[in-house]
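# A structural walkthrough
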Amino acid sequence: MTLQKKAWLTLIALSLSILPLAIGEEKSANPFPADSAEHAALEAASPYLGDDAFLLRQDYWQGNLTTELGKALRLQFFKGNHYRFFFAVKPSRLPKNAQLHLQIYDKASRQVAAISSQDSSHVIELSFTPKSTDLYLIMMSIEVPKNSSARTGIPSVLFYGYK
């Protein structure tokens, strides 16, 4: 197992457990509580972390999304790699009947991959194999029913890795 995989597995173990901070003092050192977007995304990514060929990037996007405004990221992908994206929001902040959307566009603004959540899921996973090495635009958004008044910022995160 590579050092990077061991580091991620340790991070997941720490985020899913409670550890003592000091001798004789029991406190929570849980960096990603169960109701966090990071916890949900890492849990979705965990089946791939045992594969030595899969590398989960240590840098990731984290922020707040509103139901009115999404987020776009520009990332470079390489032909021959297979990428997996894990987009998650804080479960307790996701409005009822909301949908998550994750889309990838090439340099010609053509959609090359997309996924939307089902059943008000708070995490989605998207697989993508680029046809060429280039910059791509990643779009994340949250959609609520038209009759919903939910507009607040929702803690969100996007992790990705490749093989």
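Residues numbered from 1 in each chain as written. Predicted model: local features only at pLDDT ≥ 70, side-chain atom pairs only at ≥ 80, totals over all residues. Heavy atoms only, no water.

## Side note on the confidence of the model for the protein chain
Note the following rule: Confidence of the predictor at the level of single residues is given by pLDDT, which spans 0 to 100. A contact between two residues is defined here by any heavy atoms of the two lying within 4.5 Å.
Per-residue confidence for the protein chain gives a mean pLDDT of 83, with 80% of residues at or over 70. A low-confidence stretch, residues 3–29 (pLDDT under 50), is modelled with 46 contacts involving residues beyond four sequence positions or located in other chains.

## Description of the sheet that holds strand 6 (residues 111–116)
Backbone-to-backbone hydrogen bonds join strands into a sheet, with any given pair of strands oriented parallel or antiparallel. Stated formally: Should DSSP find at least two bridges between two strands, the strands are regarded as paired. Under the DSSP-based scheme used, a helix requires at least four consecutive residues in state H or I and a strand at least two consecutive residues in state E, with every element numbered from the N terminus. Comment: axis = line fitted to C-alpha atoms, over the contacting stretch for helices; angle = value between 0 and 180 degrees taken between N-to-C directions.
Here four strands make up an open sheet; going across it, the order is 3-8-5-6 and the pairing antiparallel. With one partner strand each, in any of the chains shown, strand 3 (71–77) and strand 6 form the two edges of the open sheet. Sheet twist, expressed as the average angle between the axes of neighbouring strands with direction ignored, equals 20°. Bridging between strand 5 (residues 99–105) and strand 6 involves five bridges; their strand directions are antiparallel. What sits directly across from Leu102, in strand 6, is Ile115.

## Looking at the environment of Ile115
Topologically, Ile115 is positioned in strand 6. Taking the C-alpha atoms as reference points, Ile115 and Leu126, separated by 11 residues in sequence, lie 6.4 Å from one another. Ile115 has contacts with Leu100, His101, Leu102, Ile124, Glu125 and Leu126, leaving out every residue within four places of it along the chain.

## Some points on the side chain of His101
Cut-off, in case you're wondering: Each residue is assigned to one of three classes by its accessible area relative to the maximum for its type, calculated with a 1.4 Å probe on protein chains only: buried under 20%, partly exposed between the two thresholds, exposed over 50%. We call two N or O atoms a polar contact when they sit within 3.5 Å, provided that within protein one can donate a hydrogen and the other can accept it, with sequence-adjacent residues counted only if both atoms are side-chain atoms.
By secondary structure assignment, the location of His101 is in strand 5. Residue His101 is classed as buried on the basis of its relative accessible area of 13%. A polar contact of 2.6 Å, which involves the side chain of His101, links it to the side chain of Ser116. Here Glu143 takes part through its side chain, which lies 2.6 Å from a polar atom of the side chain of His101. Apart from residues no more than four positions distant in its own chain, His101 is found in contact with Phe87, Ile115, Ser116, Ile124, Met139, Met140, Ser141 and Glu143.

## A word on the nonpolar core
Stated precisely, the cut-off is as follows: Buried residues of nine kinds, namely Ala, Val, Leu, Ile, Met, Phe, Trp, Tyr and Cys, make up a nonpolar core once their side-chain atoms join them within 4.5 Å.
Grouped together as the largest cluster of nonpolar side chains are 26 residues, with contacts concentrated most on Phe77, Phe85, Phe87, Leu102, Ile138 and Leu158. Of all the secondary structure elements, the ones that give two or more residues to this core are strand 2 (61–65), strand 3, strand 4 (83–89), strand 5, strand 7 (123–128), strand 8 (134–143) and strand 9 (154–162). Those residues in contact with Leu102 that lie beyond four places of it in its chain are Phe85, Phe87, Ala113, Ala114, Ile115, Ile124, Leu126, Ile138, Met139, Met140 and Leu158. Counting residues in hydrophobic clusters, the runner-up holds 14 residues, among them Ala40, Leu42, Ala44 and Leu49.

## Quick notes on unusual backbone geometry
One non-glycine residue, Asn97, adopts positive backbone phi at about 60°. On the secondary structure map, Asn97 appears in the loop between strand 4 and strand 5. If you check the backbone angles, Ser109 has positive phi at about 65° while not being a glycine. Within the fold, Ser109 resides in the loop between strand 5 and strand 6. With relative accessibility at 60%, the residue Ser109 sits in the exposed group.

## Things to note about helix 2 (residues 37–45)
Burial runs high along helix 2: eight of the nine residues are buried. Of all the residues in helix 2, the buried ones are Ala37, Glu38, His39, Ala40, Ala41, Leu42, Ala44 and Ala45.

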